[in-house]
Amino acid sequence: MSNPEPNSESNEPTLPADLDPERIPVHVAIIMDGNGRWARSHGHDRLVGHNQGYRTLKEIVFAADAAGVKYLTVYGFSSENWRRPQAEVGGLMELMVRAMQAEIEELIERNIRVRVSGRVSALPADLRDVFSDAMSRTAEFAGLTFNLAINYGGRAEVVDAVRAVAALVKSGDLQPDEIDDHHIAAHLYSPEIPDPDLLIRTAGEMRLSNFLLWETAYSEIYVTQVCWPDFHPEQFYLALLDYQKRVRRFGAVVE
Ligand code: FPP
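Here the structure is a predicted model, which is why all the values come from computation and not from measurement. (Residues numbered from 1 in each chain as written. Predicted model: local features only at pLDDT ≥ 70, side-chain atom pairs only at ≥ 80, totals over all residues. Heavy atoms only, no water.)

Participant: How do you make sense of the packing of helix H3 (residues 86–109) against helix H4 (residues 125–138) when you look at a structure like this?
Facilitator: Helix-helix packing is described using two parameters, namely the angle between the two axes and the distance between the axes. Where H3 contacts H4, the axes come no closer than 9 Å and their chain directions differ by 15°. With respect to their mutual orientation, H3 and H4 come out roughly parallel. The handedness of the crossing between H3 and H4 is left-handed. Together, Met93, Met96, Val97, Met100, Gln101, Ile104, Glu105 and Ile108 of H3 and Asp126, Leu127, Val130, Phe131, Ala134, Arg137 and Thr138 of H4 make up the contact between the two elements. Broken down by class, the residue content of the contact of H3 with H4 amounts to 10 nonpolar, 2 polar and 3 charged. (Axes fitted to C-alpha atoms, helices over the stretch in contact; angles between N-to-C directions. Helix = DSSP H or I, 4+ residues; strand = E, 2+ residues; numbered from the N terminus. Parallel < 35°, antiparallel > 145°, perpendicular 65-115°, else oblique. Left-handed = near helix turned anticlockwise from the far one by under 90°. Contact = heavy atoms within 4.5 Å. Nonpolar A, V, L, I, M, F, W, Y, C, P; charged D, E, K, R; others polar.)

Right, here's the structure in full:
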């Protein structure tokens, strides 16, 4: 595999003058799609696309922080991605370990809190260890929360929450007719994180792909044709500007 080395540049992104600092989405979620297409169009192996995707992710974490976004959730590896060729799955796991080891000191310097969402117990031990270390070292930080969805499936998340609520019913701590959406929300993987205001998907597909099914009920959706490795801070800020033009109704009538 001819992977380039991780990016060591840390140029601060320039915020567009017309971005309203009072209307920055609190939580942005991203489906980082198109690494494979980017790699193919540049004549590379898919893993080179993922490695380039890592460079982009680093830029976007800092761009989100600079704009004042409080929570950034990205889809790193879905519960369906295990169906990919073994070499790609292994390469992605290795890349995530390497990326967290390479970036943790800078994340700490920037006061960024690391979280993971997904069925983490099924991940390789080295990946679990590196993220558990990053989470404990950054747990008290008040800056941007970077939430990586790994071995994540939206339906599995709801199933896991329903199991936890069912256990409360079984123990007699909750009556079935007392269950409401707050009980489900309280047992999702990251209950302290508010629902995403904005969901961005790169590379043009118009679907949710089992990402944050419960949490995106009222999220604004922004789809761009740009493949993830080419999604730089300027494109991220275009998504924020587009979000600022939206009128959010949450089911109500707005005059
Ligand atoms: C989708 O592109 C992308 C993924 C399945 C993996 C996302 C991973 C990264 C961005 C790598 C960096 C992550 C971390 C946490 C360091 P695809 O392969 O489905 O693209 P395609 O649809 O064009 O084939």
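From this point, the discussion proceeds with the structure in view.
Participant: Where do I start with the site of the ligand in this structure?
Facilitator: With respect to spatial proximity, 20 residues lie near the ligand, and among them Asp33, Gly36, Arg37, Arg46 and Arg84 are the closest. In this structure, an oxygen atom belonging to the ligand sits 3.2 Å away from a main-chain N or O atom of asparagine 35. At a separation of 2.7 Å, an oxygen atom of the ligand approaches a polar backbone atom of arginine 37. When isolated, the ligand has an accessible area of 620 Å², and the protein chains bury 90% of it. Per element, the largest residue contribution to the shell around the ligand is 5 residues, and it comes from helix H2 (residues 46–67). In the shell around the ligand, the residues fall into 9 nonpolar, 7 polar and 4 charged. (Near = heavy atom within 4 Å. Polar contact = N/O pair within 3.5 Å; in protein donor to acceptor, adjacent residues only side chain to side chain. Areas by Shrake-Rupley, 256 points an atom, 1.4 Å probe, with all protein chains shown as cover.)

Participant: Help me out: how do you make sense of the side chain of glutamine 244 in this one?
Facilitator: Relative to the elements of secondary structure, glutamine 244 occurs in helix H7 (residues 233–244). Relative accessible area serves as the criterion here: at 9%, glutamine 244 is assigned to the buried category. Among the polar contacts made by the side chain of glutamine 244, one reaches the main-chain carbonyl oxygen of aspartate 20 at a distance of 2.8 Å. Ignoring sequence-local partners within four residues, the contact set of glutamine 244 consists of Asp18, Leu19, Asp20, Arg23 and Ile24. (Buried < 20%, exposed > 50% of the residue type's maximum accessible area, 1.4 Å probe, protein only.)

Participant: Teacher, can you tell me more about unusual backbone geometry here?
Facilitator: Among all residues except glycine, the phi angle is most often negative; among peptide bonds, the trans geometry is most common. Phi at serine 209 is positive, roughly 50°, even though this residue is not glycine. Along the chain, the position of serine 209 falls in the loop between strand S5 (198–201) and strand S6 (220–223). Notably, phenylalanine 250 is not glycine yet its phi reads approximately 50°, a positive angle. Relative to the helices and strands, phenylalanine 250 resides in the segment after H7. What makes phenylalanine 250 exposed here is its relative accessible area of 51%.

Participant: Would you explain the environment of leucine 212 in this entry?
Facilitator: Along the polypeptide, leucine 212 turns up in the loop between S5 and S6. Residues leucine 212 and arginine 155 lie 57 residues apart in sequence; the distance between their C-alpha atoms is 8.5 Å. Filtering out sequence-adjacent residues up to four positions away, leucine 212 remains in contact with Ala29, Thr73, Tyr152, Gly154 and Pro196.

Participant: Sorry if this is basic, but what is going on with the side chain of aspartate 197 here?
Facilitator: Tracing the backbone through its elements, the reader meets aspartate 197 in the loop between helix H6 (181–186) and S5. A polar contact is formed between the side chain of aspartate 197 and the side chain of arginine 248, at a distance of 2.9 Å. Other than its neighbours up to four places away in sequence, aspartate 197 contacts Pro25, Val26, His27, Ser219, Glu220, Tyr243 and Arg248.

Geometric descriptors of this kind do not, in isolation, establish any biological role.
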